[in-house]
Amino acid sequence: MISSAGHSQPELSDASEPDYRERIPNVYSVMVPQMRTICTPSTLRRRIHVLEWLPKYRARYLLSDVIAGVTVTLTAIPQSIAYGILANLTPQDGIYSNLVGCFMYFMFGSVKDVTVAPTSIMAIMIQGVVTKLGPGAALLTLMAGAITFLFGLLNLGFLVRFISVPVITGFTTAACLTIGSAQLRSLFGISSAGKGSDFIDAWENVIEHIGETRLWDAVLGFSSIAFLVILRLTKDCGQGRWKTLFKYLALLRNAMIVVIGASLAYGFSLNGVQPFKLTGHVEAGLPPFHVPPLSITNNGTYYSFSDMVSVMRTSIITIPLVSILEIISIGKAFSKDKIVDATQEMLALGMCNMAVAFFSPLPVAGSFTRTAINNSSGVKTSLGCAVTTAMLLLALAVLTDAFYYIPKATLASVVISAMIFMVDYRGMAEIWRVKKLDMVPFLGTVIACIFLGLDYGILIGIAINCCILLYLISVPKIEVHMALVEDVRVLTVQPAMDLTFSSAEYLRDRVIRAVVEAFENPIDLVVLDGSTVNFVDTTVVKNLASVENDLRSREVGLVLWRWSRNTAGGLVRLKDGFRVLLSDEADLRDAVHQWRASSEGYLKDASE
C-alpha cells in the first residue's frame, strides 16, 4: 500500500514560488496616523463632549432639561443618602459623589439620558474596604477611575465581551440579594452592625438579634416597601390624565416616601417622642476637598500603600469592570438605536471617579433608575446633569436640617424596593429556555457572590464561562466522511472552526481513531479539509506533523486540501515537506487523482 503523499507542485522559479513567510504588521504605519489625530480640534470636541453639543444647544430644550434635572434630583437625594450609609460612609458622602459625578458626566458624557451617581452595587463593593480603611477608601475610587480611564485610552472595551449575559444576570441577582439583606437590620431597627454586610453575615446578624426589633421602625419600613411597590406596579394604570398622574407618582415615589417618613419623625419630635432611628446630622455646604491618602491610620491600625492595596484586593479590577459594564449597557438601552461610543463612555466614567475621589470615597457608575427617570422626563441634552448638580448643591445648602429626620427604615425601604425590581426574573427564564448549559455560569456566579463576595463572585463567574468556552474550543465539531473515489478509500476530515493549542490533540486523536476503527475497510487516504480553518498555532502545526508521521507508519496517505495561504504558511514554515501535501483543487476527485499520480514520485523522493 502507498504510504503517504500529496500532489506534486510544478517546478517554479524562485520568483514564482509561493511566499509562505509570515507578514508582521507594520506598527509604525498603524500608530502614526492614530497619534496624529489625538490632539486635533475634532478629537478635543469629541472627548470633552460638552464642546460638541453645547454650541448646538437650542433655547427650546431648556425647559425639558430643567424638569428632568429636578425630577432626577428628587430621587437622587434619598438614594444617595441611602447608598452612602450602605457603604458605611456618612450620608453626605453619597450626595457628594452624586454631585461631582453628575457634573463630570455633564462635561464628558456622550449619552444625554445617562445619569452617573452612586449605585447600590458600587456601595456594596466598596463597603468592606471602607470598614478597614475609612476615608482611605478614596484611593480605591481614584485607582478604579484611573484604570477605567486607561481602558478607554487603550480602547479595551472588548474586555466587557468576556462577561456574558448569564454572568451579568447572576451578578445582578446576587447583588440584589446581598444589598437587600444588608438593609434588614435598618428595616427592623436592630442596632447591631454584625460582622459585615455580606449576605450570610447580614442574615446571621438579623437572626441573632431578632429580639431587638423596634416595632415602629419595622411597621414604617414594611409599610413603606408596600407603598413603593404598589406605586411601581401601578405606573401604567389608567387612561389619559389618570395615566399621567400614576406615571409621575411612580417617578416621584422615592421622594414622596422620604418626605412622609421625615414628616412623621419631625411631628413626633415636636412632642418629645422619637419612635424611629434617624439618619442624623448631615453636614451642610460644599463638599470638602481631600487628596486620597497613600497611607492611613484607621481605628488605631496603620496601613501603608501596599497594605491598602492588599485590603482592596480584586476590587481594583472588578469595580472598573462592573462600572464599565453598567454604563455601557445603560447607554445602549437608552440610546434609541444610536451608536454608543464605548471609548468615550469609559473615558467619561474614569474622569468621574477620579474627580469623585477628591471629595468622597464612594465610586459612581451609571444609574439605571435615575437614567430611566431622566429619559421619561423628556431630557434633551446632558444639561440635565448640570441641573441635577445645581439642585444637589441647593439641597446641601438649605435642606440638611430636614435630612436629619429621615428614618433609616425609610431609606432601607427605598433600597429594598429598588432591589425587588432590579432582579432580572425574565432573564433567568430566558437563560433556562434558550440554553440550559448557561445555568452553570449563572448559578456559579450567584453562589460565589453570596458566599465569597461580589468582587470574587463575578471573577469566578467569568472564569466558569471561560472554562466552558475553552472546552467548546478544545472539542470543535469535526465532520468525518468515508468515500470511495477512483477505487481509493478516502477519509475526509473537516474541522468546523479555527484550530488552537487546546484542540490540537483532539484533532489528532479523532483522525487516528477513525483510521484505526476502519480496519475492515482500510483507509488509503486522509483528506484534511481546511476550508473553514483560518487560524492555526504552533501546537496545531506540530500535531499535524505528528499526524503525518502516524499515517505514514500505517501506510495511509495525507492531503491537506483547500488550506488558505495564511494557515498553510504555518505548516510550511515548520516543515518544508508539507508543501507536497497541499492541494487547492476545487473538487475532491481532482485532489485524489493528483495524489495518485504523484504518490510514486513522493515515495521515491522520501526513500532517497
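Residues numbered from 1 in each chain as written. Predicted model: local features only at pLDDT ≥ 70, side-chain atom pairs only at ≥ 80, totals over all residues. Heavy atoms only, no water.

Draft legend 1. The environment of Leu472, seen in detail. Tracing the sequence through the fold places Leu472 in helix H23 (residues 454–474). A sequence separation of 31 residues divides Leu472 from Ser503, and the C-alpha atoms of the two residues are 9.1 Å apart. (Helix = DSSP H or I, 4+ residues; strand = E, 2+ residues; numbered from the N terminus.)

Draft legend 2. Geometry of the pairing of strand S7 (residues 525–529). Burial analysis of S7 places 5 of its 5 residues in the buried class, which makes it a mostly covered element. As defined by bridge partners, strand S6 (residues 488–495) adjoins S7 across 4 bridges and the pair is classed as parallel. Bridged to Val490 within S7 is Leu525. Judged from the 5 bridges that link them, S7 and strand S8 (residues 557–561) form a sheet pairing that is parallel. Across the sheet, residue Val526 finds its bridge partner in S8, namely Leu558. In this fold, S7 hands off to helix H25 (residues 538–553), which returns the chain to S8; that crossover is right-handed. (Buried < 20%, exposed > 50% of the residue type's maximum accessible area, 1.4 Å probe, protein only. Pairing = 2+ DSSP bridges. Right-handed = clockwise from strand over helix to strand, strands pointing away.)

Draft legend 3. A look at the sheet that holds S6. Here 5 strands make up an open sheet; going across it, the order is S5-S6-S7-S8-S9 and the pairing mixed. Whereas interior strands pair on both sides, the edge strands pair on one side only; in this sheet they are strand S5 (478–485) and strand S9 (582–583). When S8 meets S9, the two strands line up parallel, connected through 2 bridges. Bridge pairing in S9 links Trp561 to Ser583. Running over the sheet, helix H24 (residues 501–517) touches S5, S6 and S7 and is turned about 160° from S6. (Contact = heavy atoms within 4.5 Å. Axes fitted to C-alpha atoms, helices over the stretch in contact; angles between N-to-C directions.)

Draft legend 4. View of the pairing of S8. Counting buried residues along S8, 5 of its 5 residues qualify, which places the element largely inside the surrounding structure. Burial of the side chains of S8 extends over both faces: Gly557, Val559 and Trp561 are buried on one face and Leu558 and Leu560 on the other. On the question of chirality, the crossover connecting S8 to the parallel S9 by way of helix H26 (residues 565–574) is right-handed.

Draft legend 5. Main features of the pattern of salt bridges. A full pass over the atoms with the stated rule returns 8 salt bridges. A salt bridge links Arg562 to Asp529; the shortest N-O distance between them is 2.5 Å. With a gap of 33 residues between them, Arg562 in the loop between S8 and H26 and Asp529 in strand S7 connect regions that are remote in the sequence. The class for Arg562 is partly exposed, based on a relative accessible area of 33%. (Salt bridge = Lys/Arg side-chain N within 4 Å of Asp/Glu carboxyl O.)

Draft legend 6. How the structure looks around the packing of aromatic side chains. In this structure the tally under the stated criterion is 11 aromatic pairs. Pairing Tyr57 with Tyr61 gives two aromatic rings, centres 5.5 Å apart and planes at 90°, and the pair type is edge-to-face. Judged by centre distance (6.0 Å) and plane angle (40°), the ring pair of Phe103 and Phe106 falls under tilted. Here the residue Phe103 and the residue Phe106 both occupy positions in helix H5 (residues 91–108), the gap between them amounting to 3 residues, near one helical turn. Its relative accessible area of 11% is what places Phe106 among the buried residues. By the ring-pair criterion, three or more aromatic residues cluster together here, those being Trp53, Tyr57, Tyr61, Phe103 and Phe106. Lying across the ring of Trp432, Lys436 places its NZ or CZ 4.9 Å from the centre. Positioned over the ring face of Trp561 is Arg562, at 4.1 Å from the centre of the ring. (Phe/Tyr/Trp six-rings, centres within 6.5 Å; stacked < 30°, edge-to-face > 60°. Lys NZ or Arg CZ within 6 Å of the ring centre and 35° of its normal.)

Draft legend 7. Quick peek at the side chain of Ser97. You can see Ser97 is positioned in helix H5. Those residues in contact with Ser97, other than ones at most four positions away along the chain, are Pro118, Val356, Ser360, Leu362 and Val364.

Draft legend 8. Molecular detail of the packing of helix H8 (residues 165–182) against H23. At a minimum axis distance of 10 Å, the contact between H8 and H23 shows a crossing angle of 160°. What the angle tells us is that H8 and H23 run roughly antiparallel. Crossing angle aside, the handedness with which H8 passes H23 is right-handed. Contact with H8, carried on its side by Val167, Phe171, Ala174, Ala175 and Thr178, involves Leu454, Ile458, Gly461, Ile462 and Asn465 of H23 and no other residues of that element. Of the residues that constitute the contact of H8 with H23, the class distribution is 7 nonpolar, 3 polar and no charged. (Parallel < 35°, antiparallel > 145°, perpendicular 65-115°, else oblique. Left-handed = near helix turned anticlockwise from the far one by under 90°. Nonpolar A, V, L, I, M, F, W, Y, C, P; charged D, E, K, R; others polar.)

Draft legend 9. Molecular detail of helix H16 (residues 342–356). Compared with the 21 Å implied by 1.5 Å per residue over 15 residues, the 21 Å span of H16 between its first and last C-alpha is a close match. Across the 15 residues of H16, 12 count as buried, placing the element largely inside the fold. (Expected span 1.5 Å × (residues − 1).)

Draft legend 10. The arrangement of a nonpolar patch on the surface in detail. On the surface, a nonpolar cluster with roughly 560 Å² of combined accessible area is contributed by Ile200, Leu443, Ile447, Phe451, Leu452 and Tyr456. No other element matches the 4 residues that helix H22 (residues 439–452) contributes to the nonpolar patch. (Patch = residues over 30% accessible without salt bridge, like charges linked within 9 Å, V, L, I, M, F, W, Y side chains within 5 Å. Areas by Shrake-Rupley, 256 points an atom, 1.4 Å probe, with all protein chains shown as cover.)

Draft legend 11. Main features of unusual backbone geometry. Located in the positive-phi region is Asn88, a residue other than glycine, with phi close to 65°. Mapped onto the elements of the fold, Asn88 is located in the loop between helix H4 (62–86) and H5. The phi torsion at Arg313 lies on the positive side, around 50°, for a residue other than glycine. When you line up the elements, Arg313 lands in the loop between helix H14 (305–312) and helix H15 (315–334). You can call Arg313 partly exposed: its relative accessible area is 44%.

Draft legend 12. Just the environment of Leu437, in detail. Secondary-structure assignment places Leu437 in the loop between helix H21 (425–434) and H22. Using a relative accessible area of 38% as the deciding quantity, one classes Leu437 as partly exposed. With 377 residues separating them along the chain, Leu437 and Arg60 place their C-alpha atoms 52 Å apart.

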